[in-house]
Amino acid sequence: ALVVLAAARPQFGSKLREEQAQGIEMMLAVDVSNSMLAEDFEPSRLERTKYAIDRLVEGLGQERIGLVVFAGEPRVQLPVTSDYRMARAFARRIDPSLVSVQGTAVGRALSQALLSFSEASDDNKRSRAIVLITDGENHEDDALAAAARAAEQGIRIHTIGIGTPEGAPIRIGGEFIRDEKGDMVVSKLDEEGLRRIAERTGGVYVRATKQSIGLEEIVAGIGEMERTELATVRFEEFDERYRPLVWAALLLLLLEFALLDRRNTLLARFNIFREAAPRS
């Protein structure tokens, strides 16, 4: 019984283990406005983005990653973390319904991303980057002002434009969105604004293609950035308690071997394997 309990590996309480990590922190700012549902990228701009993020996270090593989704307002979908399994799970749940206000407020999204990094000294800021993925249609705020603040902190913003200049209609629930005049709304890629954001911070702009949205190329460049010591990572572990059970089982086995060849008069009457005397 003790051996069976020990094999079940009982765990009680918890303990902390500290590790030092070196790497970079990367925040993804992903547009989830309705325009990302356009189908000039199959099955849609947003679905292609989610697939690319999943593939990206799968190949990460020492990097930390966070996720901000935005439309008319931003929302932190995932705080910066090194838990890649959680990052992939949260990335798969990206959807326009996560943000209650529609629109495309790129400046607010960048400001939120700047606030979402972990605490660090000025030296650590050199190992930080923001990757902005959007179709570039920003009509609500000053994204260049947010980019200027990032540049002052030494944080680069890399931008990815997903979509085509010709654009595509937006379909929700099987029906195409129309404007007040009844004309079909067509979402087009706005590359100029994205180029200016990247240039302001020393980042790069990549135009997505139907073969690759360009996330791998940008991350490869980020991987060449200077790696600095990140904040101490604490891992919580349960305290294993199977060892006392193993020792108790061994003690009982030793006692069994020691008493095997001896006759105990007090216990002899309980010997259920003793042959009964023949009746006359």
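Structural data are supplied above this passage.
Described in the following lines is the structure provided in the data block. (Residues numbered from 1 in each chain as written. Predicted model: local features only at pLDDT ≥ 70, side-chain atom pairs only at ≥ 80, totals over all residues. Heavy atoms only, no water.)

## Considerations on the packing of aromatic side chains
Both the distance between ring centres and the angle between the ring planes are used here to describe each pair of aromatic rings.
Link 1 in the chain: Taken as a whole, this structure holds zero aromatic pairs when the rule is applied.
Link 2 in the chain: Sitting over the face of the ring of Phe90, Arg93 holds its NZ or CZ atom 4.8 Å from the ring centroid. (Phe/Tyr/Trp six-rings, centres within 6.5 Å; stacked < 30°, edge-to-face > 60°. Lys NZ or Arg CZ within 6 Å of the ring centre and 35° of its normal.)

## Things to note about the pairing of strand S7 (residues 156–161)
Link 1 in the chain: A large share of S7 lies buried, amounting to five of its six residues.
Link 2 in the chain: In this sheet, S7 lies alongside strand S6 (residues 128–134) in parallel orientation, the contact comprising six bridges. Looking across to S7, one finds that Val131 is bridged to His158.
Link 3 in the chain: With three bridges connecting them, S7 and strand S12 (residues 205–207) associate as parallel partners. When the sheet's bridge partners are listed, Ile160 is paired in S12 with Val206. (Buried < 20%, exposed > 50% of the residue type's maximum accessible area, 1.4 Å probe, protein only. Helix = DSSP H or I, 4+ residues; strand = E, 2+ residues; numbered from the N terminus. Pairing = 2+ DSSP bridges.)

## Quick look at the environment of Asp54
Link 1 in the chain: When you line up the elements, Asp54 lands in helix H2 (residues 45–58).
Link 2 in the chain: Considering only alpha carbons, one finds Asp54 and Ala87, 33 residues apart in sequence, at a separation of 8.3 Å.
Link 3 in the chain: Here Asp54 is in contact with Arg88 and Arg92, once residues within four sequence places are set aside.
Link 4 in the chain: Here Arg88 takes part through its side chain, which lies 3.0 Å from a polar atom of the side chain of Asp54. (Contact = heavy atoms within 4.5 Å. Polar contact = N/O pair within 3.5 Å; in protein donor to acceptor, adjacent residues only side chain to side chain.)

## Side note on the pairing of strand S5 (residues 74–81)
Link 1 in the chain: Where strand S4 (residues 64–70) lies against S5, five bridges are found, and the strand directions are antiparallel. Across the sheet, Val69 pairs through a bridge with Arg75, a residue of S5.
Link 2 in the chain: Hairpin connection of S4 to S5: three residues between the antiparallel strands.

## A few points about the sheet that holds S4
Link 1 in the chain: The strand order across the open sheet formed by six strands is S5-S4-S3-S6-S7-S12, and the pairing between neighbours is mixed. Of all the strands in the sheet, just S5 and S12 have a single pairing partner and so form its edges. Direction aside, neighbouring strands of the sheet carry axes that sit 15° apart on average. (Axes fitted to C-alpha atoms, helices over the stretch in contact; angles between N-to-C directions.)

## Focus: the nonpolar core
Link 1 in the chain: Among the nonpolar cores identified, the biggest contains 40 residues, and Met26, Leu28, Ile65, Val131 and Leu215 are the most heavily contacted of them.
Link 2 in the chain: Taken together, the elements giving at least two residues each to this core come down to strand S3 (25–31), H2, S4, helix H3 (84–92), S6 and helix H7 (215–222).
Link 3 in the chain: The contact partners of Ile65, leaving out residues within four places of it in the chain, are Met26, Leu28, Leu56, Val57, Leu60, Leu78, Pro79, Val80, Thr81, Tyr84 and Ala87.
Link 4 in the chain: Counting residues in each nonpolar core, the second largest holds 25 residues, with Phe70, Ala109, Leu144 and Ile157 among its members. (Core = buried A, V, L, I, M, F, W, Y, C linked by side-chain atoms within 4.5 Å.)

## A word on a nonpolar patch on the surface
Link 1 in the chain: Side chains of Val246, Trp247, Leu250, Leu253 and Phe257 sit close together on the surface and give an oily, nonpolar patch of about 540 Å² of accessible area.
Link 2 in the chain: Mapped onto the elements, Leu250 comes out in helix H8 (residues 243–259). (Patch = residues over 30% accessible without salt bridge, like charges linked within 9 Å, V, L, I, M, F, W, Y side chains within 5 Å. Areas by Shrake-Rupley, 256 points an atom, 1.4 Å probe, with all protein chains shown as cover. Salt bridge = Lys/Arg side-chain N within 4 Å of Asp/Glu carboxyl O.)

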